[in-house]
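# Examination of the molecular architecture
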Amino acid sequence: MRKLKALSMVVLIALLASVALSGCGGGKAAQQEMPKVVMVADDTERAKQLCQALQGMFLDNLGIQVEIQSVDFKTRLEKMRNKDFSMVFAGWGADYDDPATFLDLWVTGGDFNDCYWSNPKYDELINKAKASSDQKERMQALAEAEKILLQELPIAPVYWRAWPFVDKPWVKGIVRKAVGAEFDFKWAYTEGRPGKENELYWNLGEEPPSLDAQKSTDVVSFDILNAVLEGLVRPDPNGEIKKGSGLALDWTVSPDGKVYTFTLRDAKWSDGKPITAEDFEYSWKRALDPRTGSQYAYQLYYLKGGQALNTIELPDPNKDKAGYDQAVKKIEEAMANVGVKAKDAKTLEVTLEQPTPFFLWLTSFPTYLPQPKHLVEKYGDKYASEANLMAASGPFMVQSWKHKSEITLVKNPNYWDAATVKLTKIHMDMIKDINTPLNMFEKNELDFLYRVPGQFIDQYKDKGLKTISEATCWYLEFNCQDPLFKNAKIRQAFALAVDRESFVKNVTKDGSWPATAYTPPVIHSGPNESFQKTYVKDVLPVKADPEKAKKLLEEGLKELGYKMPKA
């Protein structure tokens, strides 16, 4: 009988609890209003237009009003690095022609993994690709990783960007690239330019966040760094790497493909000091030193001991002075084991963890570019923050820098191949709106336009408009610790609410493509072989799927205890 009474009490309590919960609309959590959704984006007029189009799709296809937070380029990057966002509209361009340059970003704890996403199987596949020297095995592992990424969608690809541009007829020899820095001005010149021949005027569009090669992370900065700095090699106008193309006059490779020995040419910094192998060793180790905080340090993990150095944990010296001092000692010991060594002033020996087919190409990447040890040590954190606090090893040097307004480059008289350089000056404006650069171009105040806005494409079709395919993907990135976007179904709902076909046809209108996967089709898995077309295929739909998107949203919100927003 006692047991029966006890059981009755339990049932009664359960019923009362059930009534209480149902009376609140299905549980305490179900009473909560869905958090406001904010999309962080750049503050250029172009970015605002693209985000407003996405905003409209979310309203139409999900019934959700998304707020747009427009910030300057540097602030957007800082918010991403600090994980201070819920959703951000961002893009990534290839550093080198291999799908790893996109997929390497999202490994657990990766320096550019801003969204807190983690998947052990994904990490395992990326590591498998890194360790393999079998190209087919590498591509299969990377493709499988990309499909995991597109299933869980910490990022939702939107479009693969095309690049429409138009030049004035007097502009010659600008090399435009789909990978790495977008421009190379070494061979450029203006012939018959009204008023100022061999000067070039263009709109950079943004303030470069950093001209410190070991700290910069964005293509705006890369375009300037590629003009003012030169590495061991410089790809020629056809994209080929040849001996003597950069500061390395020659090199040899060991039979096992792990040891490169570079012989440097006689060359000077723009301040007249000689460029030495020690500058390279110093710069590469500086990038790997965790005290530098280089987000691109992982690009030097190909060096023997590179990752071991960069991953030494560095305690806050204000909270743990003894721990910090101990870490510094470890860093100094690890420095000695990193596979880059100046054998003498002209000889640089590089030892890799394993054969890396694209290593020579990487030596032209900004993080690998040398910086003058004597000036970096002199100016510290202020190095490269002003025109007079840096030196150049490349075709041009920074003459003046009016922050958020204009930067001017002039020909570097100490550049080893100065005889080839014809441009005497490059003027770079930082204009964010759309109409001003167009008006300036019409008045011959700008010599070329790149990324001609879609609404003006027809205007320039008969004026020499050209389009190149960029190795760039733009996507929605979700903070996976956000109260809303920690739920995969809600991330999928937002991904399915985007009509990619309509976006490129009616919004960008510039020849871009709907991103039905993540890695752009122009990235190769082999000679004349697209990684996306061969290994990944089309994973995401080109058209929005409102019905499925709303169903996923409803399920996701229910799991989190939020109400569906009112239509």
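Quick caveat: nothing in here was measured; it's all calculated off a predicted structure. (Residues numbered from 1 in each chain as written. Predicted model: local features only at pLDDT ≥ 70, side-chain atom pairs only at ≥ 80, totals over all residues. Heavy atoms only, no water.)

Moving on: the sheet that holds strand β9 (residues 199-203). Pairing within the open sheet is mixed, and its 4 strands lie in the order β9-β16-β15-β14. The sheet terminates laterally at β9 and β14 (396-402), the two strands that pair on one side only. Geometrically, the sheet is characterised by an average inter-axis angle of 15° between neighbouring strands, direction not taken into account. (Pairing = 2+ DSSP bridges. Helix = DSSP H or I, 4+ residues; strand = E, 2+ residues; numbered from the N terminus. Axes fitted to C-alpha atoms, helices over the stretch in contact; angles between N-to-C directions.)

To describe a pair of aromatic rings, you give the distance between the ring centres and the angle between the ring planes. Evaluation of the coordinates by the stated rule reveals 39 aromatic pairs. Arranged with centres 5.4 Å apart and planes meeting at 80°, the rings of phenylalanine 222 and phenylalanine 365 form a pair that is edge-to-face. With a gap of 143 residues between them, phenylalanine 222 in helix α7 (residues 219-228) and phenylalanine 365 in the loop between α11 (359-362) and α12 (373-379) connect regions that are remote in the sequence. Given the relative accessible area of 1%, phenylalanine 365 is considered buried. By way of ring pairs, the aromatic residues Trp163, Phe165, Phe183, Phe185, Trp202, Phe448 and Tyr450 are connected into one cluster. Lying across the ring of phenylalanine 448, arginine 176 places its NZ or CZ 5.3 Å from the centre. Above the plane of the ring of tryptophan 163 lies arginine 451, whose end atom (NZ or CZ) is 5.7 Å from the centre. (Phe/Tyr/Trp six-rings, centres within 6.5 Å; stacked < 30°, edge-to-face > 60°. Buried < 20%, exposed > 50% of the residue type's maximum accessible area, 1.4 Å probe, protein only. Lys NZ or Arg CZ within 6 Å of the ring centre and 35° of its normal.)

Right, let's talk about empty space enclosed by the protein for a bit. Scanning the model with the defined rule gives 2 cavities of 30 Å³ or more in all. What the second largest cavity holds in volume is close to 130 Å³. Around the second largest cavity, the lining is made up of 18 residues, and of these Lys177, Asn226, Pro235, Ser364 and Phe365 lie nearest the centre. Take the lining of the second largest cavity: its biggest share by element is 3 residues, from α7. Of the residues contributing to the lining of the second largest cavity, the split by class is 10 nonpolar, 4 polar and 4 charged. (1 Å grid on protein atoms, 1.4 Å probe; cavity = no way out; pocket = protein on both sides within 12 Å on 5 of 7 lines; lining within 4 Å. Points joined across faces, edges and corners; volume = space filled by probe spheres on them. Nonpolar A, V, L, I, M, F, W, Y, C, P; charged D, E, K, R; others polar.)

We now examine helix α5 (residues 120-131). With 12 residues, α5 should cover 16 Å at 1.5 Å per step; its first-to-last C-alpha distance of 16 Å lies within 8% of that length. Listed in full, the buried residues belonging to α5 are Tyr122, Asp123, Leu125, Ile126 and Ala129. Buried residues along α5 cover an arc of 165° about the axis, so they all sit on one side. Opposite the buried face of α5, by more than 90 degrees, sit the exposed residues Pro120 and Ala131. With a side-chain oxygen positioned 2.9 Å from the backbone nitrogen of lysine 121, the residue opening α5 is asparagine 119. (Expected span 1.5 Å × (residues − 1). Arc of directions from axis to C-beta. Polar contact = N/O pair within 3.5 Å; in protein donor to acceptor, adjacent residues only side chain to side chain.)

Quick look at the pattern of salt bridges now. Taken as a whole and assessed by the stated rule, the structure comprises 33 salt bridges. Close ionic contact of arginine 46 with aspartate 510 constitutes a salt bridge, the shortest N to O distance being 3.0 Å. One end of the pair, arginine 46, is in helix α2 (residues 45-62); the other, aspartate 510, is in the loop between α16 (500-508) and β19 (513-514), with 464 residues separating them in the sequence. For lysine 373, the salt bridge is made with glutamate 278, and the minimal N-O distance between the two is 2.8 Å. Taken together, the residues lysine 373 in helix α12 and glutamate 278 in helix α8 (residues 277-288) connect sequence positions 95 residues apart. (Salt bridge = Lys/Arg side-chain N within 4 Å of Asp/Glu carboxyl O.)

What follows concerns the nonpolar core. Residues Phe89, Phe185, Trp284, Leu476, Phe494 and Tyr518 are the most contacted members of the largest nonpolar core, which totals 171 residues. Among the elements that take part in this core, helix α6 (residues 135-152) stands out by supplying 8 residues, more than any other. With residues up to four places along the chain from it excluded, the contact list for phenylalanine 494 reads Val37, Phe58, Leu62, Ile64, Val66, Met87, Phe478 and Phe485. (Core = buried A, V, L, I, M, F, W, Y, C linked by side-chain atoms within 4.5 Å. Contact = heavy atoms within 4.5 Å.)

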